Each structure stands twice: as structure tokens, then as C-alpha cells.
Amino acid sequence: MGVLDLASSRAAAATIVVLGLVLSFGVVCNGGKTSSFVRKVEKTVDMPLDSDVFKVPPGYNAPQQVHITQGDQLGKAVIVSWVTVDEPGSSSVLYWSANSKKKKAEGKITTYKFYNYTSGYIHHTTVRNLMFNTKYYYVVGIGHTERQFWFITPPEVGPDASYTFGLIGDLGQSYDSNKTLTHYELNPQKGQAVLFVGDLSYADNYTNHDNVRWDTWGRFVERSVAYQPWIWTAGNHEIDFAPEIGETKPFKPYSHRYHVPYKASGSTSPFWYSIKRASAYIIVLSSYSAYGKYTPQYKWLEEELPKVNRSETPWLIVLMHSPWYNSYNYHYMEGETMRVMYERWFVTYKVDVVFAGHVHAYERSERVSNVAYNIVNGICKPVKDQYAPVYITIGDGGNLEGLATNMTEPQPDYSAYREASFGHATFNIKNRTHAYYSWHRNQDGYAVKADSMWFFNRFYHPVDDSTSAE
Ligand SMILES: [Fe+2]
């Protein structure tokens, strides 16, 4: 090799090094992060019927499947629900706080049949006029076997009320589901209420949608949802539409078992509604109810969004089941038609964050919108948009269908972080300007954050909070 050759080969090597640096930097820039975390490969299986977590509480007609959710628009009411199996029994809820005498609320019983299954007696009782920020004890099963639980009401609705929401989706009742729930319970971030993004029991994966698996699920999650409200969103596994066995009324088991305060927000259906809780305004939408123009859901949302007063509730959160921005090869573009209908409103009204499930994995987007397209202009690419929400897919609760591991490649620009692992998240609102979000995978210790982000409020502090390098 001559001197000249040596010099040129050194120059070439230097060029390769520089090019390599540019390329690797480019990979970091363009599409966020696809985690290389090696998850477990065993099959996800449901816990057997005789598992501890499904145990029927002892005693004659003992209330089981006890669960609570918010019962009004402000958080001063709670819907208490449970099932009795021996006889109807009392629908009364006895409740009290440290400084108040015992009061009683009366409720109603419902039952339903699904093919060859007959439900127990499902009780729904709304406890009203509670004080904010107060611990209440409550007793159900009066007259037979009594069981006592407690809950803490949220702070009064206001712009700086701090509050921590848990986020769980697509939970099911597998061994992994149990790990997810345990991790949520033991997370030092301490969620005070769960925003549940749909797909509860997965009973419909059993022969004839075996509704016994709705009961087992109710007993499994009682250890959390009897003590803190879970805010419900309907997923596709709540539809239970089975014409082959004569079951043609969609959402029959779900709507008998899980009541929500939809009338308080002017909704005409339990599948879309809103609540205020602390400093958050939470809008729940239904991916599986009509949402086109002129439909009840469309008209409700059109009137609902202008009602949000950000100086009262700075944080505007939307829950839905089917994600609009999803770069996995599962349920790909299933959320597209709803995105086309509503995304412009989400940008106009500066939604802070949208949580969805459905895809059994985790993904977080940058703030992005795709609203410029008008059928002829060809402008149909998602672009960075600081008025747009962050989209988070948290369908990684651990149900028996297993993980969505197959991703579209390359990772789109808008996708900030994606990983096929089971887990849950928390959204910790500090004040009107800042919220701390973190995602926790089941394989890690309880305090470990696998992904996190500081959210800057879109109304009070709308500065760039993107996490990928430019
Ligand atoms: Fe789903």
C-alpha cells in the first residue's frame, strides 16, 4: 500500500466512523425507541377455577365480586356493586366516616340469563352526598353475611388538586393478569383510582361465552376495586354478541354487572360518559358503539368538549378501547375510522392524553396529529403537533390471548416508545401544569419505571414536552 493509498484509506475509515455516528444518531432521532427487553416466552394461561384468587367468600349469601366506581360527575357519590347467589338479600349499603354517624343507602337488584347461564343477584347501590377527601367504611350483605370495606373520596374538583390514576387495560384472568394487579397494588406511586381501558374478563373466549368467568373475574379484582373506584371503558370483549347461541343483545353481561354514572354527564348510554375527578376531566368513549355524524355518541361528544372548563379541571383525559395510533401488526388501523371523525376535536380542545387498550403491548406516542387531509390534497401523514394529545396504548394487562410481539418496521416517527411486555401505568397529577407518567413492566421490581414522561398541561403550560430527540 502506497502513502497515498494509506492516506485515502484512513480518510475512508474516518468517513465510515463519522457516517456511522450520523447513522446511529439518525436511528435515535427517527422513530423513538423500540425496547429490546427480552420478555418471557411461556404461553399466557388462565388461572384455574379453584385458584385462591377466585375463592367464594364464606358464609350464607355472602356478597362477592364487590366493586365500586364513581357515582356522579364530581366524585361525591360512589356506586357500590356486588353479587349474592343464595337469595336476593338486601341491597342496602351501610356507610360512615370517622366523624359521621352511620347512614344507609338503598339500591336495586338485577339479574340476567346468557344462553344456559343464569346470573346471581347483582346489586347496585349509589351512596351520595359524601364529603371530599374522606375515608368511608361500608358494609354490604346486611341481614346475612356482612362484609366490610372502605374507600377514600377524591379531593374537591379544582385546578391544583393532585391525584394519581392507575392505568390498566385488557386484564383478563391469567397468571400474568394476577401479576399486573399485584404490581399495581404494590407500586409505590400508589394509584388512587384506576382508569380501565376495556376488556375485563375475556369470558367470551370460553365455550358459549361461559359467564362463570365473569364471576371469577369479579372475585379476582375485588381486592382492588372494592377499595378504590375503577372507571370503566367498554372493549370488544364486553360485546358478547353470540347469535349462534341466540345472544343478540350486545354488552348484556357487562351492562348488567358494571354500572357507570352516564346520566350525570348528559349521556344516553353507559358506553360513553364523562366524570370530573380532582383536577382531571375524564371522557370515556366507546369504540364499539356508533360514532359517525348524527349518532348519539357523536352528538354527545360534540356538546361535551366545549363544556370542559380547563380553569376548573386543567387535565383533559380521554379513554377508549381501540387505539388511533398503533404501530403493532395487531388491530392495525382498527381505530382509524373513529380517528377520522374525532381527532380534529381533540386538537381543537387540546386533549392532554388519550389512553387506549386492545393491542396487548405498550406504546407511547409523541404529540402528533393527522388532520390536514381533505380527500384531494394528499396531506395524510401524522405530524408533530404540540396542540395534540399524547397517545398511550396500555392493553398489556396480561390476558390469555398473550402478547402482541410483532411490530411494523421501521418504527414510525410519532412512536416514542414501544415494548411488548405486560404491565400497568400511573398518571400522577401534581398541579395544573405538571403530571408525571410512568409505565411499569411486570418483570421489574415494583418501583422500577420502564418508561416515563413529564406531561406539561396543554392549557396552562403548553410547551414542548416531547421525549424523542429532534
Ligand atoms: Fe380488545
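Preceding this section is the structure that the text describes.
Please read all numbers here as calculations on a predicted model, not as lab measurements. (Residues numbered from 1 in each chain as written. Predicted model: local features only at pLDDT ≥ 70, side-chain atom pairs only at ≥ 80, totals over all residues. Heavy atoms only, no water.)

Student: So what exactly am I meant to see when it comes to the coordination of the iron ion here?
Tutor: Geometrically, a metal with four donors at the corners of a regular tetrahedron has ideal angles of 109.5 degrees, and one with six donors at the corners of a regular octahedron has ideal angles of 90 or 180 degrees. The protein atoms that coordinate the iron ion are Asp-199 (OD), Asn-236 (OD1), His-321 (NE2) and His-358 (ND1), at distances spanning 2.1 to 2.3 Å. Classification of the site at the iron ion as irregular follows from its four donor atoms and the range of 88 to 169° in their angles at the metal. Residue classification places Asn-236 among the partly exposed residues on the basis of a relative accessible area of 23%. The exposure class assigned to His-358 is buried, which follows from its relative accessible area of 2%. (Donors = N, O, S within 2.8 Å, 3.2 Å for Na, K, Ca; no water. Tetrahedral: all angles 85-135°; square planar, octahedral: opposite > 155°, others 65-115°. Buried < 20%, exposed > 50% of the residue type's maximum accessible area, 1.4 Å probe, protein only.)

Student: Looking at this structure, how should I read the nonpolar core?
Tutor: One recurring pattern in soluble globular proteins is that nonpolar side chains are buried together. Among the nonpolar cores identified, the biggest contains 83 residues, and Trp-230, Trp-232, Phe-346, Phe-427 and Tyr-437 are the most heavily contacted of them. If sequence neighbours within four positions are ignored, Phe-346 has contacts with Leu-285, Leu-301, Val-318, Met-320, Trp-324, Val-351, Val-354, Tyr-387, Pro-389 and Tyr-391. Among the nonpolar cores identified, the runner-up in size contains 16 residues, and Trp-82, Val-93, Tyr-95 and Val-140 belong to it. (Core = buried A, V, L, I, M, F, W, Y, C linked by side-chain atoms within 4.5 Å. Contact = heavy atoms within 4.5 Å.)

Student: Help me out: how do you make sense of the sheet that holds strand β14 (residues 230-231) in this one?
Tutor: As a general point, the strands of a sheet are linked pairwise by backbone hydrogen bonds and lie either parallel or antiparallel. The sheet built from six strands is open, its strands ordered β14-β13-β12-β24-β25-β26 with mixed pairing. The open sheet terminates on both sides in strands that have one partner only, identified here as β14 and β26 (451-456). For strand β13 (residues 193-196) and β14, the ladder comprises two bridges, and the chain directions are parallel. Its bridge partner being in β14, Val-194 is matched across the sheet by Trp-230. Strand contacts of helix α2 (residues 175-186): β12 (163-168), β13, β14, β24 (423-429) and β25 (434-441), with the helix running at about 25° to β24, the strand carrying the most contacts. (Pairing = 2+ DSSP bridges. Helix = DSSP H or I, 4+ residues; strand = E, 2+ residues; numbered from the N terminus. Axes fitted to C-alpha atoms, helices over the stretch in contact; angles between N-to-C directions.)

Student: Hey, could you run me through helix α5 (residues 296-304) in this one?
Tutor: The α-helix winds at 3.6 residues per turn, so residues separated by three or four positions along the chain end up facing the same way. Those residues of α5 lying buried are Gln-297, Tyr-298, Trp-300, Leu-301 and Glu-304. What you see down the axis of α5 is that its buried residues fit within an arc of 165°, all on one side. Those residues of α5 hidden inside the fold are in contact with β15 (273-277), β16 (280-284) and α6 (336-348). (Arc of directions from axis to C-beta.)

Student: Where do I start with the pairing of β15 in this structure?
Tutor: Along a regular strand, successive side chains alternate from one face of the sheet to the other. Of all five residues making up β15, five are buried, and the element is well covered by its neighbours. Covered by surrounding structure in β15 are Tyr-273, Ile-275 and Arg-277 together with Ser-274 and Lys-276, the residues of both alternating faces. Note: β15 against β16, five bridges, orientation antiparallel. Note on β16: the bridge partner recorded for Ser-274 is Ile-283. Count of turn residues in the β15/β16 antiparallel hairpin: two residues, of which Ala-278 carries a positive phi of about 60°.

Student: Got a minute to help me understand the sheet that holds strand β5 (residues 103-105) in this structure?
Tutor: Spatially, four strands are ordered β5-β4-β10-β11 in an open sheet, and the strand pairing comes out antiparallel. In this open sheet, the two edge strands, each paired with only one partner strand, are β5 and β11 (147-152). Across the sheet, the axes of successive neighbouring strands diverge by a mean angle of 30°, strand direction being ignored. Sheet topology note: the strand β10 (residues 135-140)/β11 ladder contains six bridges and is antiparallel. Residue pairing across strands places Lys-135 opposite Ile-152, the latter belonging to β11.

Student: Looking at this structure, I do not really get the environment of His-256. What am I missing?
Tutor: Relative to the helices and strands, His-256 is located in helix α4 (residues 252-257). Placed 118 residues apart in sequence, His-256 and Asn-374 show a C-alpha to C-alpha distance of 42 Å. There is a polar contact of 2.9 Å between the side chain of His-256 and the backbone oxygen of Lys-252. (Polar contact = N/O pair within 3.5 Å; in protein donor to acceptor, adjacent residues only side chain to side chain.)

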